[in-house]
Structures are given as structure tokens and as C-alpha cells.
Amino acid sequence: MLLEGTQKMDYQDGLQARFIILVGGRLGLRRGEIAHIKEKWVNWRRSMIEIPIQEDYTKSKEKM
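Note that this is a predicted model, so its numbers are computed, not measured.

Cut-offs applied
Here the residue index of a chain counts from 1 through its sequence in written order. Where totals are concerned, whole chains, interfaces and linings use all residues; where local detail is concerned, this predicted model gives features only for residues with pLDDT of at least 70, and gives and counts side-chain atom pairs only at 80 or more. Each side-chain value is worked out from all heavy atoms of the structure, with water and hydrogens disregarded. In the cavity and pocket records, a cavity denotes points on a 1 Å grid over the protein atoms alone where a 1.4 Å probe fits but cannot get out, a pocket denotes an open set with protein on both sides within 12 Å along at least 5 of 7 lines, and lining residues are residues with an atom within 4 Å of a point. Grid points are joined across faces, edges and corners, and a volume is the space filled by probe spheres set on the points. Note on residue categories: nonpolar means Ala, Val, Leu, Ile, Met, Phe, Trp, Tyr, Cys or Pro, charged means Asp, Glu, Lys or Arg, and polar means any other residue, Gly included. A run of H or I in DSSP becomes a helix once it reaches four residues, and a run of E becomes a strand once it reaches two; helices and strands are each numbered from the N terminus. Pairing of N or O atoms within 3.5 Å defines a polar contact, subject to two protein rules: one partner must be a possible hydrogen donor and the other a possible acceptor, and residues neighboring in sequence count only if both atoms are side-chain atoms. What makes two residues a contact is simply this: any of their non-hydrogen atoms within 4.5 Å. Think of it in three bands: residues with accessible area under 20% of the maximum for their type are buried, residues over 50% are exposed, and the middle band is partly exposed, with areas taken using a 1.4 Å probe on protein chains only. By convention in these notes, a salt bridge is any Lys or Arg side-chain nitrogen within 4 Å of a carboxyl oxygen on Asp or Glu.

Trainee: Quick question: what am I supposed to make of the layout of surface pockets here?
Mentor: Rolled over the atoms, a probe as big as a water molecule pinpoints where empty space is left. Each pocket or cavity is described by its volume, and for the largest pocket that value is around 200 Å³. Lining the largest pocket we find Gly32, Glu33, His36, Lys38, Lys40, Trp41, Ile51 and Pro52. Residues that form the lining of the largest pocket fall into these classes: 3 nonpolar, 2 polar and 3 charged. If you add up the space inside the second largest pocket, you get close to 180 Å³. Lining of the second largest pocket is provided by Phe19, Val23, Leu27, Ile37, Glu39, Val42, Trp44, Ser47, Met48 and Ile49. Elements supplying a minimum of two residues to the lining of the second largest pocket: helix 2 (11–26) and strand 2 (48–49). When the residues that make up the lining of the second largest pocket are grouped by side-chain class, the tally is 8 nonpolar, 1 polar and 1 charged.

Structure (C-alpha cells):
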């Protein structure tokens, strides 16, 4: 029903909503991963999304 509801949205918003529902619900991506996903994470040959290991961001620590 949730996916069906996206059909009533305008094209761009509906497309984004379907993407979030599918990668969050079916693939199990977390909200931070969905928010920051990059095209280079998608391995089209293997039909996989490969999320890189999180790296510490030292600049934010320097400002504290």
C-alpha cells in the first residue's frame, strides 16, 4: 500500500519515495546510508550496492 501511494505523487517526488521505500525496506539500508548514497557505490555488473567503510572525519574533531 505504501508503494501504491507513491503513484499518486508527482513523478519526481514519487520516484524518490519509491527509492527510499525499496532500499530501506527491502535492502535494509539505514537512513544515513540512504541520505548519502553515491552512484559510485552501485556495482551494476554484480547488481549490488557496495557501501564503503565509514571513515573518521578529523576536521570536525579539530573544531571542537
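This is not the end of the story, as more comes after the structure.
Trainee: Any chance you could explain the side chain of Asn43 here in plain terms?
Mentor: The residue Asn43 is located in strand 1 (residues 42–43) in this model. A distance of 3.1 Å separates the side chain of Asn43 from the backbone nitrogen of Arg46, its partner in a polar contact. In contact with Asn43, other than residues within four places in its own chain, are Met48 and Glu50.

Trainee: Help me out: how do you make sense of the side chain of Glu33 in this one?
Mentor: Looking at where Glu33 falls in the secondary structure, it is placed in helix 3 (residues 31–36). For Glu33, a relative accessible area of 15% translates into the label buried. When sequence neighbours within four positions are dropped, the list of residues in contact with Glu33 reads Trp41 and Ile51.

Trainee: Looking at this structure, how should I read the pattern of salt bridges?
Mentor: Pairing is possible between side chains of opposite charge, provided their charged atoms come close. Under the defined criterion, the tally for this structure stands at 2 salt bridges. Residue Arg30 is joined to Glu33 by a salt bridge in which the shortest nitrogen-to-oxygen separation is 2.6 Å. The partner of Arg46 in a salt bridge is Glu50, and the shortest N-O contact between them spans 3.3 Å. Judged by relative accessible area, which is 34%, Glu50 ranks as partly exposed.

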